[in-house]
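Close look at the chain arrangement
Here are the chains, one letter per residue:
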Amino acid sequence: MDFSINEDLISLKEHAIKFARKELNEGFREREKAGEFSYENWKKCADFGIQGLALPEKFGGLDMDILSSVLTMEGLGYACKDSGLLFVLNTHIWTCEMPIMKFGTEEQKEKYLHNLCNGSLIGGHAITEADSGSDAFNMRTTAVKKGDQFILNGTKMFITNAPIADILLVFALTDKTKGFAGISAFIVEKGTPGFSVGKPIEKMGLKTSPLGEVILVDCEVPAENLLGREGSGAAIFNSEMDWERSCLFATHLGAMESILEDTIKYANARKQFGRQIGKFQSIAHKIADMKVRIELSRLILYKVASIKAEGKRANLESSIAKLFISESYVDICLDALQIHGAYGYTTEFEIERHLRDSVAGKIYSGSSEIQRNIIARFLGL
């Protein structure tokens, strides 16, 4: 299996790096402290083509293959300090655009994909509830058919993009007797009667990525906004997680590359006991381990991309990628912080910010424990 990257892909990644450095970092520290999402940078990303990476040209997209999308997101992760913005983008693309592209009717695609692509709409999805985090399909939100509408009732919690989203894919039970086979997905627009969003939830990291509660009280959703058929919600969710676990974590890989480079520079510049600290074996071994984690992360991520490029599902491989990359990101941040010592604990070198941002990766898109469950299931356990 060939994972070599040709010059076009390298150029694509470098183009994304140059864009992020030039356009996305100014004023970030102030926005991060204030927990402020940048609509201006969101629009810059749309103009650059990020929101349209994987969408066909007929909807204004770039129609990129998955490996090209991965390399682009890797470049953004390397150069963009605003991990919250990148998380908003990934949520928008992989959990809203792609499900509509794959499961939507032609009318739904025409209605939503153009504006999702050009950035005039912000999307997301809402499945998590206060009592059903890892047990995502054990939901209480219901959708009852009434004439040409579905009436949704329930509450969703910890929903990325909820405070800023124009549309959300909301998952609800249309048949309580069928378990996960009774879950359906609906395209719900902001302003729909009965739909509201609670105040933004403050977080440890990813502070510029708005998170909130979604409240549905007799929410009237037109029947034509059902995504796919009734009962296909679990399949839609699993499909979007396959995409998210394949592509979102490319930004983590890019961030890890940047952290490694900064740590090597620091280890070569910082002197203690009369020599560069990188010459001490204890420091050199930590840096070597960082490099190993990055290269193994790259291999599994590109393997997932190659499988999906063939039109195949990559459930097992994407779970392995998600588990390994998310945990490697945290480990690399901890090692980098330790090597930087007291400086790493301050905000000056931004290692502490990377660490705060990295921890959530072990929770979202299915926790590390859930990924191990999935992997074990594929092994017949």
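Notes on the structure follow. Each chain has its residues counted from 1, running along the sequence as written. Only residues with pLDDT of at least 70 get local features here, since the model is predicted, and only at 80 or more are side-chain atom pairs given and counted; chain-wide, interface and lining totals rely on the full set of residues. Only hydrogens and water are set aside when side-chain values are computed; all heavy atoms of the structure are taken into account.

**Comments concerning the environment of G205**
Mapped onto the elements of the fold, G205 is located in the loop between β6 (195-197) and β7 (211-222). The class for G205 is buried, based on a relative accessible area of 8%. Linking G205 and G35, residues 170 residues apart in sequence, is a C-alpha distance of 9.4 Å. Residues count as neighbours in contact if any of their non-hydrogen atoms are within 4.5 Å of one another. Residues within four places of G205 in sequence aside, it is in contact with R356 and D357. Every helix listed is a DSSP run of H or I at least four residues long, and every strand listed is a run of E at least two residues long, numbered separately from the N terminus. Only protein chains enter the area calculation, which uses a 1.4 Å probe; residues under 20% of their type maximum are buried, those over 50% are exposed, and those in between are partly exposed.

**Comments concerning the state of the cysteines**
Such a bond, covalent and formed between the sulfur atoms of two cysteines, is termed a disulfide. By disulfide we mean two sulfur atoms from cysteines, separated by a distance within 2.5 Å. According to the stated counting rule, one finds 0 disulfides in the structure shown. This cysteine, C117, is not joined by any disulfide, and C96 carries the nearest cysteine sulfur, 12 Å off.

**A few points about the nonpolar core**
Nonpolar core, defined: a set of buried Ala, Val, Leu, Ile, Met, Phe, Trp, Tyr and Cys residues in which side-chain atoms within 4.5 Å join the residues together. Membership of the largest hydrophobic core comes to 69 residues, with the highest contact counts inside it found for L24, I50, V70, L76 and M290. What L76 contacts, discounting residues up to four positions off in sequence, is A16, F19, A20, L24, I50 and L86. If you look at the next biggest cluster of nonpolar residues, it comprises 23 residues, including F59, C96, C117 and M139.

**Topic: the side chain of E350**
Its place among the elements puts E350 in the loop between α11 (342-345) and α12 (351-359). Nitrogen and oxygen atoms within 3.5 Å of one another constitute a polar contact, given that in protein one can donate a hydrogen and the other can accept it, and given that sequence-neighbouring residues count only through two side-chain atoms. In this structure the side chain of E350 is engaged in a polar contact, spanning 3.2 Å, whose partner is the side chain of R353. Excluding residues within four positions of it along the chain, E350 makes contact with R29 and K81.

**Overview of the packing of helix α8 (residues 249-269) against helix α10 (residues 315-340)**
Two quantities define a packed helix pair, namely the angle between the axes and the distance from one axis to the other. Lines fitted to the C-alpha atoms define the axes, with helices restricted to the stretch that makes contact. Angles between their N-to-C directions range from 0 to 180 degrees. Contact geometry for α8 and α10: axes closest at 10 Å, N-to-C directions at 20°. It follows from the interaxial angle that α8 and α10 lie roughly parallel. Where α8 crosses over α10, the handedness of that crossing is left-handed. In this structure, α8 uses F249, H252, A255, M256, I259, D262, T263 and Y266 to contact α10, whose residues at the interface are K322, I325, S326, S328, Y329, I332, C333, A336, I339 and H340. Lys, Arg, Asp and Glu make up the charged group, whereas Ala, Val, Leu, Ile, Met, Phe, Trp, Tyr, Cys and Pro make up the nonpolar group; the residues left over, Gly among them, are polar. Broken down by class, the residue content of the contact of α8 with α10 amounts to 11 nonpolar, 5 polar and 2 charged. Note on angle classes: values under 35 degrees are labelled roughly parallel, values over 145 roughly antiparallel, values of 65 to 115 roughly perpendicular, and the remainder oblique. Note on convention: near helix rotated counterclockwise from far helix by under a right angle means a left-handed crossing. Clockwise means right-handed.

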